[in-house]
Amino acid sequence: MHLKEKICYLALAVLLLSCDQKSKHNKYDNEEGTDTTETTTKKTTAKKPAVTAPVVGERVSGAAIVRTGPDGDPIVSLLDYIPVRCAPVKKDWYPVNVDFDITPEEFSKPIFRKGRKIKVNGVAAGVLQRDIKLPVSTNGQKMWATINGYTEKKNIRGGTVVETALVSYLKQHKGRSIDDMQPFIHNFKLEEETTLKPYVLYFNYESGIDDPSPLYRLALVCQGKQLIAVLHARPMEVDGSTSRRLQRNFTVNFLNGIDKSLKEDFATKFNKFITSVD
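Residues numbered from 1 in each chain as written. Predicted model: local features only at pLDDT ≥ 70, side-chain atom pairs only at ≥ 80, totals over all residues. Heavy atoms only, no water.

(A) Summary view of unusual backbone geometry. In this model, lysine 197 is joined to proline 198 through a cis peptide bond whose omega is 10°. With respect to the helices and strands, proline 198 occurs in the loop between β12 (191-193) and β13 (199-205). Of note, asparagine 121 is a non-glycine position whose phi angle comes to about 55°, a positive value. Checked against the element boundaries, asparagine 121 lands in the loop between β7 (117-120) and β8 (123-128). The backbone phi angle of lysine 225 is positive, close to 65°, even though this residue is not glycine. Within the fold, lysine 225 resides in the loop between β14 (216-223) and β15 (226-232). Residue class for lysine 225 comes out exposed when judged on its relative accessible area of 65%. (Helix = DSSP H or I, 4+ residues; strand = E, 2+ residues; numbered from the N terminus. Buried < 20%, exposed > 50% of the residue type's maximum accessible area, 1.4 Å probe, protein only.)

Okay, here's the thing in structure tokens:
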């Protein structure tokens, strides 16, 4: 083989490898944008979030087995990057659930056999490890079955756990304006709540695994276009803040330098609001 031909083959191999790695991160349509270093730094510099797909729920790291309980029997083996929903971790195990695509016939008779390959949003996602009957749902456009179980903490990507990602983001980015926080708000698809004026909350809900009517999981509390606090239902530590317990097992971490009267006002309004919610 001539030298020019060898160089051409080498260049083609490098190009194909690059494309394969890029498609691996994009195929489930919500992994891109979760890197809290280079990607978010570029977005902050531009002062506008890039158009990337948001992270909704957590992602499998490498591969994972979902079991009937901690150290229980396998239910399904999942591939890398599969989206799952995680309840709070318990002794290094996450309660999780995952939805997979089913046919109209399976919707009518939801008994699934060991060895069945599953797909999530049309993409190969794993294999069932046992015969099982599962709850099924439809929104009129698609149908899915839901697997509930447990997986080890190490099987979930830390960068897709919103609490972990926020702590990292705040360490890496010094700005605390709403504009500074927009890349994070976008990447985790946080919703906007304006009920507690003059405060604006950018929030997501709990997984719904433990409670069919979930409350907030995490919220960025802003006032006057500035981040003043982080509200959370799950344990987390925010550098440069002081914490305060609120009603219904919530905690708020006020950033250092926030006026005491502002803290009291928010705490009073939030407690009144959250205790009125079913």
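Here the narrative resumes, following the displayed structure.
(B) Structural view of the environment of arginine 248. Within the secondary structure, arginine 248 is located in the loop between β16 (241-245) and β17 (251-255). Taking the relative accessible area as the measure of exposure, arginine 248 reaches 37% and is therefore partly exposed. Those residues in contact with arginine 248, other than ones at most four positions away along the chain, are Leu215, Ile274, Thr275, Val277 and Asp278. In terms of polar contacts, arginine 248 uses its side chain to reach the backbone carbonyl oxygen of valine 277, at 2.5 Å. (Contact = heavy atoms within 4.5 Å. Polar contact = N/O pair within 3.5 Å; in protein donor to acceptor, adjacent residues only side chain to side chain.)

(C) Inspection of the sheet that holds β16 at higher detail. Reading across the sheet, the 6 strands line up as β12-β13-β14-β15-β17-β16 and stay open at both edges, with antiparallel pairing between neighbours. In this open sheet, the two edge strands, each paired with only one partner strand, are β12 and β16. Strand-to-strand twist in this sheet, taken as the mean axis angle between neighbours without regard to direction, amounts to 25°. Sheet analysis places β14 next to β15, joined by 6 bridges and oriented antiparallel. Pairing of leucine 220 across the sheet is with valine 230, part of β15. The strands touched by helix α4 (residues 162-172) are β13, β14 and β15; relative to β14, the strand with the most contacts, the crossing angle is about 30°. Sheet contacts for helix α6 (residues 260-275): β13, β14, β15, β16 and β17; angle to β13, the most-contacted strand, approximately 50°. (Pairing = 2+ DSSP bridges. Axes fitted to C-alpha atoms, helices over the stretch in contact; angles between N-to-C directions.)

(D) Examining the pattern of salt bridges more closely. Applying the stated criterion across every chain yields a total of 11 salt bridges. Where arginine 113 meets aspartate 131, a salt bridge forms, and the shortest distance between an N and an O atom there is 3.7 Å. With arginine 113 in the loop between β6 (111-112) and β7 and aspartate 131 in the loop between β8 and β9 (132-133), this residue pair connects regions lying 18 residues apart in the sequence. Using a relative accessible area of 52% as the deciding quantity, one classes arginine 113 as exposed. Residue class for aspartate 131 comes out partly exposed when judged on its relative accessible area of 45%. Residue arginine 244 is joined to glutamate 264 by a salt bridge in which the shortest nitrogen-to-oxygen separation is 2.8 Å. Linking arginine 244 in strand β16 with glutamate 264 in helix α6, this pair joins segments that are 20 residues apart in sequence. Judged by relative accessible area, glutamate 264 falls into the partly exposed class, the value being 34%. Each of Glu58, Glu163 and Arg217 takes part in a single network of salt bridges with overlapping partners. (Salt bridge = Lys/Arg side-chain N within 4 Å of Asp/Glu carboxyl O.)

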